[in-house]
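Residues per chain are reported as follows:
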Amino acid sequence: MTQFKIDITFINREREMAELRNYLEGRPNSILFLYGPKSSGKTTLMYRLFEHMEAEKGYKINFLNLRKIFLTTSDDFIDAFFKSSSSGNGLKTGTRRKYSLFGLFKLDAFTEKMLKKRQEDPFLVMEREFQRLLKKGIQPVVIIDEFHKLDGLYLPDKQKRLIVELMNFFVAMTKESHLCHVIIASSDAFFIEQVYVDSKLRKTSKFMKLDYLEKEDAFAWLRDIKKYNQVQEYTLDKQQIETIWDTVGGSAWEIHSILEDLFQYSLDAIVSKIKREKVSMIADWTFGDEARNCLLRHFRKQPIRKLAELAGTGKDLLGQAVKDNILYYDPVDGIYGIQGKSLEWGIKGYFEEVISSLFLNNKKG
Ligand SMILES: Nc1ncnc2c1ncn2[C@@H]1O[C@H](COP(=O)(O)OP(=O)(O)O)[C@@H](O)[C@H]1O
Ligand SMILES: [Mg+2]
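These numbers were taken from a predicted model, which means no experiment stands behind them.

Re the overall build of the chain
In terms of helices and strands, the chain carries 17 helices and 12 strands. Out of the 365 residues belonging to the chain, those deemed buried represent 47%. Contacts in the chain between residues at least 24 apart in sequence constitute 68% of all its contacts with a sequence separation of at least 6. For the chain, the exposed surface amounts to about 19500 Å²; the carbon and sulfur share of it is 51%.

Regarding the domain arrangement of the chain
The assigned domain composition of the chain is domain 1 (14–209) and domain 2 (215–364). Distance from the C-alpha centre of domain 1 to the C-alpha centre of domain 2: 34 Å. Regarding the contact of domain 1 and domain 2, the summed buried area is about 1100 Å², with carbon and sulfur atoms giving 64% of it. Counting every contact that joins domain 1 to domain 2 gives one salt bridge. Residue Asp330 pairs with Lys209 through a salt bridge whose shortest N-O separation is 3.0 Å. For the side of domain 1 that touches domain 2, the elements supplying multiple residues, two or more each, are helix 8 (189–197) and strand 9 (205–209).

Topic: the packing of helix 14 (residues 267–286) against helix 15 (residues 290–300)
Their axes nearest at 8 Å, the elements helix 14 and helix 15 cross at an angle of 135°. Judged by the inter-axis angle, helix 14 sits oblique to helix 15. Across the interface between the two elements, Ile282, Trp285 and Thr286 of helix 14 pack against Arg292, Asn293, Leu295 and Leu296 of helix 15. A class-by-class count of the residues in the contact of helix 14 with helix 15 yields four nonpolar, two polar and one charged.

Details of the site of ligand 1
Near ligand 1 lie 13 residues; those nearest to it are Ile11, Ser39, Lys42, Thr43 and Thr44. Notes on ligand 1: free accessible area 560 Å², of which the protein chains cover 84%. By residue number, the principal contributor to the shell around ligand 1 is helix 2 (residues 42–54), which donates three residues.

Overview of the nonpolar core
Ranked by size, the top nonpolar core spans 41 residues in total, and within it Phe77, Phe147, Leu150, Phe170, Ile184 and Phe191 carry the most contacts. Elements represented by at least two residues in this core include exactly strand 1 (31–35), helix 3 (74–81), helix 6 (122–135), strand 7 (139–145), helix 7 (162–176), strand 8 (181–186) and helix 8. A per-element tally of this core places helix 7 first, with nine residues. Those residues in contact with Phe77 that sit more than four places away from it in its chain are Leu64, Leu66, Leu71, Leu150, Leu162 and Leu166.

A word on the environment of Tyr234
The residue Tyr234 is located in the loop between helix 11 (225–229) and helix 12 (238–248) in this model. The class of Tyr234 is buried, set by a relative accessible area of 16%. Here the alpha-carbon distance between Tyr234 and Leu262, two residues 28 residues apart in the chain, equals 8.5 Å. Apart from the residues lying within four places of it in its own chain, the contact partners of Tyr234 are Ile225, Leu259, Leu262 and Phe263. Reaching out from Tyr234, the side chain makes a polar contact with the backbone oxygen of Leu259 at a distance of 2.5 Å.

Cut-offs applied
- Residues numbered from 1 in each chain as written.
- Chains lettered and ligands numbered in written order.
- Predicted model: local features only at pLDDT ≥ 70, side-chain atom pairs only at ≥ 80, totals over all residues.
- Heavy atoms only, no water.
- Helix = DSSP H or I, 4+ residues; strand = E, 2+ residues; numbered from the N terminus.
- Buried < 20%, exposed > 50% of the residue type's maximum accessible area, 1.4 Å probe, protein only.
- Contact = heavy atoms within 4.5 Å.
- Areas by Shrake-Rupley, 256 points an atom, 1.4 Å probe, with all protein chains shown as cover.
- Domains from an automatic or database assignment.
- Buried area = accessible area lost by both parts, 1.4 Å probe.
- Salt bridge = Lys/Arg side-chain N within 4 Å of Asp/Glu carboxyl O.
- Axes fitted to C-alpha atoms, helices over the stretch in contact; angles between N-to-C directions.
- Parallel < 35°, antiparallel > 145°, perpendicular 65-115°, else oblique.
- Nonpolar A, V, L, I, M, F, W, Y, C, P; charged D, E, K, R; others polar.
- Near = heavy atom within 4 Å.
- Core = buried A, V, L, I, M, F, W, Y, C linked by side-chain atoms within 4.5 Å.
- Polar contact = N/O pair within 3.5 Å; in protein donor to acceptor, adjacent residues only side chain to side chain.

In structure tokens:
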């Protein structure tokens, strides 16, 4: 087996894991939306949950990560849902080929054919499968990651929006008939907001936020990289740990990236590179546009602002900043914030270096 200089790790998340398990151990009654800033660890957490629960009897967890699927029409989605298990490992029983839902639920050849010809309603097929599993004492669970990717897809008949139809179906499966648990994850704040402002969905859903790692957890990790990442070559002292936290906060991906770079560069060099990159990212984004500068000024000293404090800022511009991953939006708390600690440095540096030097040059000229 390959020996890595540095391995990946999984820090804490016990509370969040317990919350997910608690949801799964109850009778299905609501859809659970897992949301949070980009790279906060949603996908990782769900894969962990999936691994844990899969080992236990009594659950059939169907995990669909839409990031991995190329979606241009609703057919692509249905194909991914009702993936044929016979194509891969040739599961055959006599002449009847077995097909499965997510590669897990077996469908008979007839149903599969009807589905392919779109003569069967995929939602009915799913419901039948859920009922069949429940009769055997197995609780079905559906997990869909990057759910917002379905936006813009339409069902062939009557041009219905796939995302709306699926959501209605999941409400029926959870709150109404209590057949199946549904966990939906998305980093797209505006998708979550759409769900949150829809009174019907809001009443039938739970919202769980996954934020970056807490300081305590990040520190525990960095104090023992030998244990967590199997790093043998170096350790970090208190000052270095403070510096890393101060630069990227609890963003696990960025912390890991720093640990990797430390094999080659000094921490000072790494930190100043990160800050420079973020300054130029901000400069690229504003491109000198005064409205954008003005928006970022709100966040210069205070990285988190309530929606009400941003009154007067164009809603479209705020939306664009979120889409471009400059700002983060929490629809449940009605809060806007900078997307991560390192970007706070980018905004700070942008005003100190770029804007003030422009100002000085203008004065000189
Ligand atoms: N609890 C954790 N401990 C350590 N690393 C983590 C943890 N959660 C996520 N990561 C790392 O952070 C990165 C981003 O995680 P990911 O699950 O893709 O985020 P999201 O789905 O929220 O965008 C991954 O490289 C992952 O390995
Ligand atoms: Mg993800």
